[in-house]
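An overview of the molecular structure
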Amino acid sequence: MAKRSGRPGGLRPRNLKKSLVGGGALVVLAGLNAPAALSFAGHQYHQYKISQPGYKARYGSWQMLDVPDKYRVNAIHAALLHTGKVLIVAGSGNNQKHFDKGTFDTILWDPVKSTFKKIPTPSDLFCSGHAALPDGRLLVAGGTARYEVLDGKVKKAGGAMRIKNESPDRARTFPKGTRLMSPSGVEYATTQTVTVPKAKRSFRISYAEGGRMLPWKTKITAGEARVFVEAVQKGPQGLTTQAAQYEIEGLKGKDADNLYGLAAKLTTEKQDFQGIREAYEFDPDQERYVPVQSMKNARWYPTLVGLDDGRVLAVSGLDDVGAVQTGDNEIYDPHSKTWTKGPTRYFPTYPALFLTKGGKLFYSGSNAGYGPADKGRQPGLWDLRTNTFTKVGGLTDPDTTETSASLMLPPAQDQKVMLLGGGGVGESAKSTARTGIVDLKQDDPRFREGPRLPQGTRYLSSVLLPDDSVFTTGGSSDYRGRGASDILKAQFYDATSDSFRPAADPTVGRDYHSEALLLPDGRVVTFGSDPLYGNADNTKLGTFEQRVEIYTPPYLQGGKEADRPVLGAGPREPDADGRATFRAAKPGSLVKARLMRPSAVTHTTDVEQRSIDLAMTRTAHAVTVRVPGDRTLVPPGWYMLFVTDTRGVPSQARWIHVPQGAGER
């Protein structure tokens, strides 16, 4: 048997030095890894803490949705349909490679069955607009015709060109790639198909002195269409700042005389995204896009807002040459499936417009960015009938409404709109913690300052809940999460106390191109995020966030979900007086009913969601609710009906259809 050393641990003298060196190395390594170890320990403790029933009962909880790889997309738009399914629209997903390949994605998710379905997507609906129609279809209009090319990367000179048609006999369509030649022999090609209307012929009779009638005189006004062109060859020879007439190649005889291009300048300056004119209705029953008449104007980043008569107004957006629409708005009629000219008014892209009681639209000032800092950013009430705009003042930090969130506070009868956070124009690093609230029932409405957010926040998602609270989550303090500035915080706004209270922290950061919406079971789902960079030093490009996270509020924690109110059998529509009766367990415990319009959200803009207070009466086994008949308060369409008990626990939603003209008289 070997003789043991008297030293602790039985180490032999000849191994002592090696052991000490090794021990010292372990100490050094432990010191070097201390921050990581502490971070890991902190993370483990946080995970333990947020999993405790008491924590969940107070703050709620988050859960990651298991999305199979083949259904993961860059969620740009999300809309809840009356089937209970969620339409997730990516289009090309802010990925030019997908755009160049014509790979456009839409996914239909069923939260109840946890199933996913790919939907054929006919056009690039990336950065389109959307709004629910009275029959439950979703109108989707606009999208991407061409990706931007940044300063310094434009290799071919390009710009807007007007194609003129002096022939009154017929319109002419020129396909994408049609070539035009400058007076100096430089060739340019159209980047889109363009249809040029025929010229208008007008007649007039002139009179000589004495009243003698002279022969007819004919006036021809050329038809005109605009299209973006770029030089066929790279290089400086395509640059021009002089107005000139361009010959359309391949035309002969009279056609060559009557049809030509005009351009003022063609340069290598930054070329912005360009919009499309296409429009579709998504049919929730057939689960497919159905083409309808295209808009007159191309739009990228437009807002679509439903009106009280069921029509939809399309506002703003970048046009077919990448310029912000100057105010050419359009109205869609779901009965005729056609577009007509709307009232002219300029707004920056994705303006937040809310239908108010009486039919006016309130512009909160929230928008998604394109447009000058000194134009179209003042909040106000827009009367569509007279096309007049009454400014609403009082907003703190008025230069930071870009990328802010806006919503009509519950219930909609109060006619209060809240604006939350926001940032400076463009790629500004500025952000604000300001919130502002305006009461539109006032004779001279003005914003008052609400409670401040925990920190300056852009891209905040804000969702109305059936208990009348507002759930807000995510965002970043800098432009597109720059400098690792995503905010892993969530909170509730309580209108009664006019204050915020904390909610459980999300796991996933959400900034640009993120969405959140209320599900029929009372939970909130969050999608997307498109950070500019992937690290705090801004040296690594960001990647699109494809994880989906679901928040369960406190009202569904601690066993409350198993004992929540239940709405049983009832009608799909209210009667002529706006009444609808539903079977209910323990109707005596129910204290309020809310009719909630489903979301259609993108770019922090959700003008669809609203919560309407319903009068409610109870019998031994049923409740009867009454839907207001004012369609400026309750636009026609499908709604979720929630009832809430004395504990603040809501039922699962029942879907109810509000037709045109139903309800109180």
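The rules behind the values
Residues numbered from 1 in each chain as written. Predicted model: local features only at pLDDT ≥ 70, side-chain atom pairs only at ≥ 80, totals over all residues. Heavy atoms only, no water. Helix = DSSP H or I, 4+ residues; strand = E, 2+ residues; numbered from the N terminus. Buried < 20%, exposed > 50% of the residue type's maximum accessible area, 1.4 Å probe, protein only. Contact = heavy atoms within 4.5 Å. Areas by Shrake-Rupley, 256 points an atom, 1.4 Å probe, with all protein chains shown as cover. Lys, Arg positive; Asp, Glu negative; His and termini not counted. Charge placed at Lys NZ, Arg CZ, Asp CG, Glu CD. Core = buried A, V, L, I, M, F, W, Y, C linked by side-chain atoms within 4.5 Å. Salt bridge = Lys/Arg side-chain N within 4 Å of Asp/Glu carboxyl O. Pairing = 2+ DSSP bridges. Axes fitted to C-alpha atoms, helices over the stretch in contact; angles between N-to-C directions. UniProt positions renumbered as here; feature names shortened; annotations may be inferred. pLDDT = per-residue confidence, 0-100. Phe/Tyr/Trp six-rings, centres within 6.5 Å; stacked < 30°, edge-to-face > 60°. Polar contact = N/O pair within 3.5 Å; in protein donor to acceptor, adjacent residues only side chain to side chain.

Looking only at helices and strands, one finds 5 helices and 47 strands in the chain. Principal-axis analysis of the C-alpha atoms gives the chain an extent of 135 × 80 × 45 Å. The 665 residues of the chain split such that 54% are buried. Sequence-distant contacts in the chain: of pairs separated by 6 or more residues, those separated by 24 or more amount to 61%. As displayed, the chain has an accessible area near 29900 Å², and 51% of this comes from carbon and sulfur atoms. Charged side chains of the chain number 88 positive and 69 negative; the gap between the two group centres comes to 5 Å.

We now examine the nonpolar core. By size, the foremost hydrophobic cluster in this structure holds 55 residues, and its most contacted members are Trp-109, Phe-471, Leu-517 and Phe-527. Counting residues in hydrophobic clusters, the runner-up holds 46 residues, among them Val-315, Phe-582, Val-607 and Ile-656.

What follows covers the pattern of salt bridges. A full pass over the atoms with the stated rule returns 38 salt bridges. Where Lys-341 meets Asp-328, a salt bridge forms, and the shortest distance between an N and an O atom there is 4.0 Å. Linking Lys-341 in strand S25 (residues 338-341) with Asp-328 in the loop between strand S23 (312-315) and strand S24 (330-333), this pair joins segments that are 13 residues apart in sequence. Overall, the relative accessible area of 28% leaves Asp-328 in the partly exposed class. A single network of salt bridges, built from pairs that share partners, joins Asp-135, Arg-137, Glu-281, Asp-283 and Lys-337.

What follows is about the sheet that holds S24. Spatial ordering of the open sheet is given by S22-S23-S24-S25, a layout of 4 strands whose pairing is antiparallel. Each end of this open sheet is capped by a strand with a single partner; those strands are strand S22 (303-306) and S25. Within the sheet, the average angular offset between the axes of one strand and its neighbour, ignoring direction, is 30°. Pairing of S22 with S23 involves 4 bridges; the strand directions are antiparallel. Each residue of the ladder has a partner; that of Leu-304, found in S23, is Ala-314.

Let us now look at unusual backbone geometry. At the junction of Pro-410 and Pro-411, the peptide bond is cis and its omega measures out at -10° in the coordinates. The topology assignment puts Pro-411 in the loop between strand S30 (405-408) and strand S31 (416-420). Its identity as a non-glycine residue notwithstanding, Lys-586 has a phi of 50°, on the positive side. Mapped onto the elements, Lys-586 comes out in the loop between strand S41 (579-583) and strand S42 (590-597).

The sites that UniProt annotates as "domain: Galactose oxidase-like Early set" (unreviewed entry) are residues 578-658. As annotated, residues 578-658 comprises 0% helix and 53% strand, and the C-alpha atoms at either end are separated by 9 Å.

A few words on the confidence of the model for the chain. When pLDDT is averaged along the chain, the result is 92, and 91% of the positions lie at 70 or above. Every residue in residues 1-30 is under pLDDT 50, and counting partners more than four places away or in other chains gives 6 contacts.

Moving on: the environment of Val-290. Note on placement: Val-290 falls in strand S21 (residues 288-292). With relative accessibility at 18%, the residue Val-290 sits in the buried group. Spatially, the C-alpha atoms of Val-290 and Phe-582 are 34 Å apart, while their sequence positions differ by 292 residues.

Strand order in the open sheet formed by 4 strands is S30-S31-S32-S33, with antiparallel pairing between adjacent strands. Edge positions in the sheet fall to S30 and strand S33 (447-449), since each has one partner strand and no second. Ignoring strand direction, the axes of neighbouring strands in this sheet form an average angle of 25°. Note: S30 against S31, 4 bridges, orientation antiparallel.

Attention now moves to the environment of Asp-374. Turning to its location among the elements, Asp-374 is positioned in the loop between strand S27 (361-363) and strand S28 (380-383). Classification of Asp-374 by relative accessible area gives exposed; the value is 72%. For the pair formed by Asp-374 and Val-425, sequence separation is 51 residues and the distance between their alpha carbons is 9.9 Å.

What follows is about the packing of aromatic side chains. Counted under the stated rule, the structure contains 29 aromatic pairs. Seen in terms of ring centroids, Phe-273 and Trp-300 are 4.3 Å apart; in terms of plane orientation they differ by 10°. Their pairing is stacked. In this pair, Phe-273 is assigned in the loop between strand S18 (259-263) and strand S19 (274-275) and Trp-300 in the loop between S21 and S22, connecting sequence segments 27 residues apart. Take Phe-273 and Trp-300: they sit in the same class, and that class is buried. Ring centres of Phe-492 and Tyr-551 lie 6.2 Å apart, and the angle between their planes is 50°; on these two criteria the pair is classed as tilted. Residue Phe-492 is found in strand S36 (residues 490-494), and its partner Tyr-551 is found in strand S40 (residues 548-552); the two are separated by 59 residues along the sequence. Judged by relative accessible area, which is 1%, Phe-492 ranks as buried.

Its place among the elements puts Leu-641 in strand S46 (residues 637-645). Residues Leu-641 and Gly-152 lie 489 residues apart in sequence; the distance between their C-alpha atoms is 53 Å. Apart from residues lying up to four places away in sequence, Leu-641 is in contact with Leu-567, Phe-582, Ala-593, Arg-594, Leu-595, Leu-614, Val-625, Ser-651, Gln-652, Ala-653, Arg-654 and Ile-656.

Looking now at the pairing of S22. On any regular strand, side chains alternate: one points to one face of the sheet, the next to the other face. Neither face of S22 is exposed, since Thr-303 and Val-305 on one face and Leu-304 and Gly-306 on the opposite face are all buried. A loop of 5 residues connects S22 with S23, the two strands running antiparallel in sequence, and Gly-310 in this loop sits at a positive phi of about 90°.

The subject of this paragraph is the side chain of Ser-599. Looking at the element boundaries, Ser-599 is found in the loop between S42 and strand S43 (600-601). Looking at Ser-599, its side chain comes within polar contact range of the side chain of Asp-606, at 2.6 Å.

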